[in-house]
Amino acid sequence: MSDAIAKTAQKAGTTAVQRCILPACAAQFGIREQIYVCPRCGGPLEIEIPLELLKSVPDLRERWQARAASHAPRDRSGVWRFRETLPFDTDAPVVTLFEGNTPLYDAPRSAKYAGLTALRLKHQGCNPTASFKDTGMTTAVTQAKLLGARTVVCASTGNTAASLAAYAARAELQCAILLPQGQISPAKLAQSMDYGAIVCEIAGNFDDCMRLISELSDVPSIYIANSINPFRIEGQKTVAFELLEQCGWRVPDHVVVPGGNMGNSSALGKGFDEMLRLGLIDRLPKISVIQAEGSAPLARLFAGLKPSQISADAALPDEIAPIANPRTLATAIRIGAPVSWKKALRAVLRTHGSIITVTEQEIADAKAIIGRDGIGCEPASATTVAGIRKLTAANKIRAGESVVAVLTGNVLKDPDYASNYHRGTLSFESATAEGTAKTVPISGAFRNAPEKVAANKGAILKSLETRR
Ligand code: F0G
């Protein structure tokens, strides 16, 4: 590649700006300004990469692909091998654990269960800390280094915390995480402790932790690593590029993701949009977001939109009604006031996707079916297959269409959930109309409990025979 082309590619990243996404404001700020929301109107910020510069770079796709076979640290990262699209210089102090480059699996049993001919699962739980958060943390923590931050902090339902703790350790930064006490899977909590983070268990829920984060955001030595931070989204958007690469750049008809704080859906929307603007694809997949029934503020808002508000360029609503006491056993997405809802809604509207809810029982059974394909995921990830099943039944997805579900976390993130499902001891505290809690047992349609077998060959063969 000529020097001129290399410089052009490099310039695209470094001449990026931070921009308010609200069309009425659209204020722009430098990429090294430590801001998280628009200082002018409070709207969400995103990074604008001058893609026109990149359009003149030939063979971008081949270049990205070739890096996957290299052993240079930045090439080995499934995020940084797409660095022309990232807002950093070539000499940025990249903090990487070789994230990304996750598998795309065929899942025939899940496909059949969901009413599809075929279904592919993009397993972001195969990242270094076992969730999709790593793809965004590599860019956010690199930005923290560039800004000279002393401490990185986040609010979390567990995975963001584990990821930030690991990347902060790599970067030798102090890390503090705010977690809702008693609402985090022990495995995720253990990760954060192991990576040396200061673990603050807050007496409140995730939304309370997020409120505290916004109060901390004016302390200059502290850098916030939640997905409200647009540098997180920059890393996370690369999953769209990698997925397209794995699909031979043939755009799937549908990409389906779980929705919690809404960073992931926002990032996918941005990633596909950038590939379209670069001319590397000629259409967008429909992006659909699935929420757990008891924690579904955006699905509720979506269901209440007027037909005139459901269009690619409709003005976004100003407000979302938060859920005061969100509930779901999929603790990763137990969120009542998602910070990135506007960006996520924009992505869904632009691509003509849907936002729907699934029940606790549907999540549990979908998770077990994914397991039967030999693919383990945590409960939040399974909302996707449960949601696809509903969308297929409602004719929003047709059986022969190409569908990709994004699995966000590994099964070992929440082994208690899986074990309780299979042993028949899983239950959910649901809210009653009177505002009290009621325990609802979750039955295991695909239950697979261990059995006690005598220590002899005959007993084992008998067990195999009866389970045939
Ligand atoms: N799936 C998993 C496994 C998650 O951990 C999360 C979010 C989501 C889905 C939802 O993604 O927030 O981008 O819409 N976990 C955050 C955390 C909130 O703190 O770990 P989102």
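Scroll up to find the structure.
For clarity, every value in this text was computed on a predicted model and none was experimentally measured. (Residues numbered from 1 in each chain as written. Predicted model: local features only at pLDDT ≥ 70, side-chain atom pairs only at ≥ 80, totals over all residues. Heavy atoms only, no water.)

> How would you sum up the state of the cysteines? Please name residues and give values.
Under the criterion given, the structure shown has 0 disulfides. Cys126 carries a free sulfur, and the closest cysteine sulfur to it, the one in Cys377, is 11 Å from it. Looking at Cys126, the relative accessible area reads 36%, which means it is partly exposed. Cysteine Cys175 shares no disulfide, and the gap to the nearest cysteine sulfur, in Cys154, comes to 6.2 Å. Owing to a relative accessible area of 5%, Cys175 belongs among the buried residues under this scheme. (Disulfide = S-S within 2.5 Å. Buried < 20%, exposed > 50% of the residue type's maximum accessible area, 1.4 Å probe, protein only.)

> Please provide a residue-by-residue account of the site of the ligand, values included.
Around the ligand lies a shell of 20 residues, among which Ser156, Thr157, Asn261, Met262 and Thr408 are the nearest. Here the ligand, which alone exposes 470 Å², has 99% of that area covered by the protein. Taken atom by atom, the bulk of the ligand overlaps the largest cavity. Put simply, the parts of the chain that give the shell around the ligand at least two residues each are α7 (159-171) and α12 (263-277). Taken together, the residues that form the shell around the ligand break down as 7 nonpolar, 11 polar and 2 charged. (Near = heavy atom within 4 Å. Areas by Shrake-Rupley, 256 points an atom, 1.4 Å probe, with all protein chains shown as cover. 1 Å grid on protein atoms, 1.4 Å probe; cavity = no way out; pocket = protein on both sides within 12 Å on 5 of 7 lines; lining within 4 Å. Sits in = over half its atoms within 2 Å of the grid points. Helix = DSSP H or I, 4+ residues; strand = E, 2+ residues; numbered from the N terminus. Nonpolar A, V, L, I, M, F, W, Y, C, P; charged D, E, K, R; others polar.)

> How would you summarise empty space enclosed by the protein if you had to cite specific residues and measurements?
One pass over the structure, following the stated rule, counts 3 cavities of 30 Å³ or more. A volume near 280 Å³ is recorded for the largest cavity. What lines the largest cavity is a set of 25 residues, among which Phe132, Lys133, Gly260, Asn261 and Ala332 lie closest to the centre. Only α7, α10 (230-236) and α12 provide two or more residues apiece to the lining of the largest cavity. When grouped by side-chain class, the residues that make up the lining of the largest cavity number 9 nonpolar, 13 polar and 3 charged. (Points joined across faces, edges and corners; volume = space filled by probe spheres on them.)

> Residues and numbers for the sheet that holds strand β3 (residues 45-48), please.
Strands sit in the order β2-β1-β3 across an open sheet of 3 strands; the sheet is antiparallel. The open sheet is flanked by β2 (28-30) and β3, the only strands paired with a single partner. Strand after strand, the sheet turns through a mean of 35 degrees between neighbouring axes, direction not considered. Note: strand β1 (residues 17-20) against β2, 3 bridges, orientation antiparallel. Residue pairing across strands places Gln18 opposite Phe29, the latter belonging to β2. (Pairing = 2+ DSSP bridges. Axes fitted to C-alpha atoms, helices over the stretch in contact; angles between N-to-C directions.)

> Just give me the short version of the pairing of β3, but keep the residues and values in it.
With burial as the criterion, each face of β3 is covered, one bearing Leu45 and Ile47 and the other bearing Glu46 and Glu48. Here β1 runs beside β3; their pairing, made up of 4 bridges, is antiparallel. Residue Cys20 lies in a different strand from β3, and its bridge partner there is Leu45.

> Account for the packing of aromatic side chains, naming residues and giving values.
In this structure the tally under the stated criterion is 8 aromatic pairs. Consider the rings of Tyr36 and Tyr223, whose centres lie 5.9 Å apart with planes at 45 degrees: the pair is tilted. Taken together, the residues span a long stretch of sequence, with Tyr36 in the loop between β2 and β3 and Tyr223 in strand β9 (residues 222-224) at a distance of 187 residues. Note on accessibility: Tyr36 and Tyr223 belong to one class, buried. Members of the aromatic cluster, joined through ring pairs, are Trp64, Phe82, Phe241 and Trp249. (Phe/Tyr/Trp six-rings, centres within 6.5 Å; stacked < 30°, edge-to-face > 60°.)

> Describe the nonpolar core, with residues and values.
Leu268, Phe272, Met275, Leu298 and Leu345 are the most contacted members of the largest nonpolar core, which has 88 residues in total. Examining the composition of this core, we find that 7 residues originate from one element, α7, more than from any other. Every residue in contact with Phe272, bar those within four places of it in the chain, is listed here: Ala240, Leu243, Leu244, Val255, Ile281, Leu284, Pro285 and Ile287. By size, the runner-up hydrophobic cluster in this structure holds 39 residues, among which are Ala364, Val385, Ile388 and Ile442. (Core = buried A, V, L, I, M, F, W, Y, C linked by side-chain atoms within 4.5 Å. Contact = heavy atoms within 4.5 Å.)

> I'd like to hear about the environment of Cys154, residue by residue, with values.
In this fold, Cys154 is placed in strand β6 (residues 151-155). Look at Cys154 and you get buried, because its relative accessible area is 0%. Put simply, Cys154 and Ser227 are 73 residues apart on the chain and 9.2 Å apart in space, counted from C-alpha to C-alpha. Aside from chain neighbours lying at most four places away, what touches Cys154 is Thr160, Ala161, Leu164, Ala176, Ile177, Leu178, Ile213, Ala225 and Asn226.

> How would you sum up the packing of α7 against helix α8 (residues 186-194)? Please name residues and give values.
Relative to each other, α7 and α8 sit at 20 degrees, their axes nearing to 8 Å. The angle between the axes of α7 and α8 places the two elements in the roughly parallel class. Between α7 and α8 lies a crossing of left-handed hand. On the side of α7, the interface is formed by Asn159, Ala161, Ala162 and Ala165, while α8 contributes Lys188, Gln191 and Ser192. (Parallel < 35°, antiparallel > 145°, perpendicular 65-115°, else oblique. Left-handed = near helix turned anticlockwise from the far one by under 90°.)

> So, the side chain of Gln291: which residues are in play, and what are the values?
When you line up the elements, Gln291 lands in strand β11 (residues 286-292). Within the local environment of Gln291, its side chain forms a polar contact with the backbone oxygen of Ser295, the two atoms lying 3.5 Å apart. Aside from chain neighbours lying at most four places away, what touches Gln291 is Gly259, Gly260, Met262, Ala296, Pro297, Leu298, Ala299, Ile356, Thr357 and Val358. (Polar contact = N/O pair within 3.5 Å; in protein donor to acceptor, adjacent residues only side chain to side chain.)

> Break down the sheet that holds strand β4 (residues 104-106) for me, with residues and values.
What the 6 strands build is an open sheet, ordered β4-β5-β13-β10-β11-β12; its pairing is mixed. Either end of the sheet is taken by a strand with one partner, and the two such strands are β4 and β12 (355-358). Averaged over all neighbouring strand pairs, the angle between strand axes comes to 30 degrees, with direction disregarded. With 5 bridges joining them, strand β10 (residues 254-258) and β11 adopt parallel strand pairing. Bridge pairing in β11 places His254 opposite Lys286. In the packing of α12 onto the sheet, the strands contacted are β10, β11 and β13 (403-407), and the crossing angle to β10 comes to about 155 degrees. Running at roughly 105 degrees to β12, helix α16 (residues 379-393) makes contact with β5 (120-123), β10, β11, β12 and β13 of the sheet.

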